[in-house]
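Reading the structure
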Amino acid sequence: MEYYDFLIYGLAAGLVFNVLFFPDVDPVIGTLYAFAAFGTGFLARPLGGIIIGHFGDKIGRRPMLILTLITMGVSTLAIGCLPTYETIGAWAPVLLVALRLIQGFAAGGEWGGAALFGLENAPQHRRGLWGSFTSMGIGLGTFIGILVFAITSAAAGGDLVEFAWRVPFWLGGALVLIGLLARISMPKEEAVKVADSATIPFVEMFKRRPKEILLVLGVSYGYNTIAYIGFTFFLSYLTAIGYESTDALISQLAYSGVLIISAPLFALLSDVIGRKKVMILGGITMAIFLFIYFPMVGTMSIPMATLAFAITGLLTGITQGPIPTFSGEQFPARVRYSAMSTGYQLGAAVGGGTASFIATWLLVVFNNNPTAVAVYGAFVMLVLVLCSLGLRETHKLSTAEINDD
């Protein structure tokens, strides 16, 4: 439910925010501005990871996860109530960015805690699978968000601009109650005890694991860049080349539906053959497929576009499934929330926060030639592969061994 809230902003940015909040510029430039506003949420994610991670290591995962969920729900509901540029002028995009920053702070603190809840409660040889439940949640939240936007778009006759765009945000604010009930019912775990109560996990992790944090950052940068190109940029690209918004959303449903299944399957595979092998497989296959994706959607065939999105979801799941456990297993338990959240969210800010903006900018610079976007995607996949190679293989280590300082 929390990632439904975070990700519907990306859908709205790709479909209507250019018109609603940046109407005085060319539509392509307006989309560029909308994606820039989308990216501001990623600026706050490292801060959320550091602060929420600190208290998550000190007092426990559960209270922090409840806090992030409430924060996300309130800010999402507020976005749905925002007046547009036509009503209050320049204050509209300013308020939009402010609420996006709050969303980013909540998401930055949420991901690590939710992933660790699975990882730290997993059976010995299924940590990859249990860690991937967070990835499944992201896929499911994305699927629900796209489904709600598709239904809303169809009900509004394809016109999301007037009023219909608000409905998914209002619904997201209400649906957060479901996630809140789930988190309140979580077992209340003991906080990890540290030798010195004055120890600051954020400081300690940089002393003990600087290389691992940088490598996790690189893995996260590669994964998040591709994930958000696939989620937000590909959607706006389809509408830009002539697909109806409802058809584009239906294609995105295939992406999310396949992702929900592929992420746990490849996470389970990482429990068997190793995290590194699966991550490298995902990086290489995605880099190759990017050069195939654009010709597929360029046929202007809805079935072909849907197939292209389904393959994108399959290949995204190869890296999305193992990444929570692969990242978390690099750090001992007492600084794990802070360490994995900081590394991952910094990578998400650099990669995911700029992905759609850079992809759109490349289209502008290279006269709408999408090959430039494919080259950029292949580059970030190379970064993911190289950083994965630098991290230790952990799938055969016991829980006690990965918790050892």
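Heads up: the structure comes first, above all this text.
It should be emphasised that the depicted structure is a prediction, and the values quoted were computed from it without experimental measurement.

**Structural notes on the overall build of the protein chain**
For the protein chain, the helix and strand inventory stands at 19 helices and zero strands. For the protein chain, whose C-alpha radius of gyration is 20 Å, the value lies close to the compact-globule estimate of 22 Å for 405 residues. Overall, the protein chain is about 60 × 40 × 30 Å in size when its C-alpha atoms are taken along their principal axes. The buried share of the protein chain, reckoned over its 405 residues, is 59%. Restricting the contact set of the protein chain to residue pairs at least 6 apart, pairs at least 24 apart contribute 85%. A total accessible area of about 15,000 Å² is found for the protein chain, and carbon and sulfur atoms account for 72% of it.

**Considering helix α14 (residues 275-297)**
Residues three or four positions apart in an α-helix share a direction because the helix packs 3.6 residues into each turn. An ideal rise of 1.5 Å per residue puts 33 Å on 23 residues; α14 measures up with 32 Å between its terminal C-alpha atoms. Maximal helix bending in α14 amounts to about 35 degrees, located at leucine 290.

**Considering empty space enclosed by the protein**
Under the counting rule described, the total for this entry stands at one cavity of 30 Å³ or more. Approximately 140 Å³ is the volume found for the largest cavity. Residue assignment for the lining of the largest cavity shows that the elements contributing at least two residues are α1 (2-15), α9 (133-155), α12 (210-240) and α13 (245-273). Broken down by element, the residue count for the lining of the largest cavity peaks at five residues, all from α12. Classifying every residue of the lining of the largest cavity by side-chain character gives ten nonpolar, three polar and one charged.

**Some words on the packing of α12 against helix α15 (residues 302-320)**
Two elements in contact, α12 and α15, have axes whose closest approach is 10 Å; the angle formed by their N-to-C orientations is 165 degrees. When the axis of α12 is compared with that of α15, the two are roughly antiparallel. For the element pair α12 and α15, the recorded crossing hand is left-handed. Of the residues in α15, those in contact with Tyr223, Gly230, Phe234, Leu235 and Leu238 of α12 are Ala305, Phe309, Thr312, Thr316, Thr319 and Gln320. Per-class residue counts for the contact of α12 with α15 are six nonpolar, five polar and no charged.

So, how was this worked out
Residues numbered from 1 in each chain as written. Predicted model: local features only at pLDDT ≥ 70, side-chain atom pairs only at ≥ 80, totals over all residues. Heavy atoms only, no water. Helix = DSSP H or I, 4+ residues; strand = E, 2+ residues; numbered from the N terminus. Rg over C-alpha atoms; globule rule 2.2 N^0.38 Å. Buried < 20%, exposed > 50% of the residue type's maximum accessible area, 1.4 Å probe, protein only. Contact = heavy atoms within 4.5 Å. Areas by Shrake-Rupley, 256 points an atom, 1.4 Å probe, with all protein chains shown as cover. Expected span 1.5 Å × (residues − 1). Bend = angle between axes of the 7 residues up to and from the residue. 1 Å grid on protein atoms, 1.4 Å probe; cavity = no way out; pocket = protein on both sides within 12 Å on 5 of 7 lines; lining within 4 Å. Points joined across faces, edges and corners; volume = space filled by probe spheres on them. Nonpolar A, V, L, I, M, F, W, Y, C, P; charged D, E, K, R; others polar. Axes fitted to C-alpha atoms, helices over the stretch in contact; angles between N-to-C directions. Parallel < 35°, antiparallel > 145°, perpendicular 65-115°, else oblique. Left-handed = near helix turned anticlockwise from the far one by under 90°.

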